[in-house]
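Structural features, examined
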Amino acid sequence: MLRSFKYGLYGAVLAGLIAAPTAWSSVDKTVHLVVDGRTSTVHTTAQDVGEVLHARGYRVTSHDLLAPAASVHVKDGSQIVLRRGRLLHLDINGRRAEVWTTATTVSSALAELGYTTSDFVSVSRARRLPLGVTDIAIRTSRLVTVIHDGRTDQIDTTDSTVGQLLADLGIQV
């Protein structure tokens, strides 16, 4: 009987040694996390997307885009994409507006909003947008008729004042 017990115990230990890695491999997962376009590989035991993000220190707000949703169960090889919201304080031809975007650069944010490269912008288009507030002045192109020295010229300009336009044209008053 002692011999049977001994072999039974060895068998149980051996089964445990074989089953433990198999059980752990179903809990431990490798997940691909893409935050604002930057990819990283995360090893996690989290059950859902929200837990993965929380463990990495990310807080999802209503202005962020998250795919899949925070409640979705993660599997080995899952991909999670988080695009964090950024607040823009815009001054568009003298009118103020607040706009949220998930774009990471001024250029991509303005393109999403429909502004062209011919529009004047107060900050570099290549600038990376911080997670905080960014103030941007935009002046869209306008067609102006300038009558001077007996001539009439149609000028396309983003100048904000008549004085600035005349100075750019080299016209002295």
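First things first, this report covers the structure right here in the doc. (Residues numbered from 1 in each chain as written. Predicted model: local features only at pLDDT ≥ 70, side-chain atom pairs only at ≥ 80, totals over all residues. Heavy atoms only, no water.)

Pairing of strand E9 (residues 142–148) with strand E10 (residues 151–157), which is carried by seven bridges, proceeds in the antiparallel orientation. Bridged to His 148 within E10 is Arg 151. Taking the residues between adjacent antiparallel strands as the criterion, E9 and E10 are bridged by two residues, where Asp 149 takes a positive phi near 50°. (Pairing = 2+ DSSP bridges. Helix = DSSP H or I, 4+ residues; strand = E, 2+ residues; numbered from the N terminus.)

Here we come to the sheet that holds strand E3 (residues 65–67). Overall, mixed pairing links the four strands, which are arranged E2-E1-E4-E3 in an open sheet. Of all strands in the sheet, those with a lone pairing partner are strand E2 (38–44) and E3, marking the two edges. For this sheet the average axis-to-axis angle between neighbouring strands, irrespective of direction, equals 20°. (Axes fitted to C-alpha atoms, helices over the stretch in contact; angles between N-to-C directions.)

Moving on, we get to the sheet that holds strand E5 (residues 86–92). Pairing is mixed across the open sheet formed by four strands, whose spatial order is E6-E5-E8-E7. Among the strands making up the open sheet, the edge pair consists of strand E6 (95–101) and strand E7 (120–121). Of the strand pairs in this sheet, E5 and strand E8 (residues 133–139) are connected by six bridges, and their pairing is parallel. Looking at E8, one finds that Leu 87 is bridged to Val 133.

With that settled, consider the side chain of Asp 36. Here Asp 36 lies in the loop between strand E1 (29–35) and E2. You can call Asp 36 buried: its relative accessible area is 8%. At a separation of 2.8 Å, a polar atom in the side chain of Asp 36 contacts the side chain of Arg 84. A distance of 3.1 Å separates a polar atom in the side chain of Asp 36 from a polar atom in the side chain of Arg 86. What Asp 36 contacts, discounting residues up to four positions off in sequence, is Leu 82, Arg 83, Arg 84, Arg 86, Thr 104, Arg 128 and Leu 131. (Buried < 20%, exposed > 50% of the residue type's maximum accessible area, 1.4 Å probe, protein only. Polar contact = N/O pair within 3.5 Å; in protein donor to acceptor, adjacent residues only side chain to side chain. Contact = heavy atoms within 4.5 Å.)

Turning our eyes to something else, we now look at helix H3 (residues 106–113). Among the residues making up H3, those that are buried are Val 106, Ala 109 and Leu 110. Looking straight down H3, one finds that the buried residues subtend no more than 95° of arc, so they occupy a single side. Buried residues belonging to H3 abut E5, E6, E7 and E8. Following H3 by one or two positions, Gly 114 adopts a phi angle in the positive range, close to 90°. (Arc of directions from axis to C-beta.)

Before going further, it helps to spend a moment on the nonpolar core. If you look at the biggest cluster of nonpolar residues, it comprises 13 residues, and the most contacted ones within it are Leu 88, Leu 90, Val 106, Leu 110, Val 121, Ile 136 and Ile 138. Mapped onto this core, the elements with two or more residues apiece are E5, H3 and E8. Once residues within four sequence positions are removed from consideration, Val 121 is found in contact with Val 106, Leu 110, Ile 136 and Ala 137. (Core = buried A, V, L, I, M, F, W, Y, C linked by side-chain atoms within 4.5 Å.)

Per the stated rule, a full pass over the model turns up five salt bridges. Its salt-bridge partner being Arg 86, residue Asp 36 comes within 3.1 Å of it at the nearest N-O pair. Of this pair, Asp 36 sits in the loop between E1 and E2 while Arg 86 sits in strand E5, and the two are 50 residues apart along the sequence. Two residues, Glu 112 and Arg 83, come together in a salt bridge whose shortest N-O distance is 3.9 Å. Here Glu 112, found in helix H3, pairs with Arg 83, found in strand E4 (residues 79–83); they are 29 residues apart in sequence, far enough to count as distant. Here the salt bridges do not stand alone but share partners, grouping Asp 36, Arg 84 and Arg 86 into one network. (Salt bridge = Lys/Arg side-chain N within 4 Å of Asp/Glu carboxyl O.)

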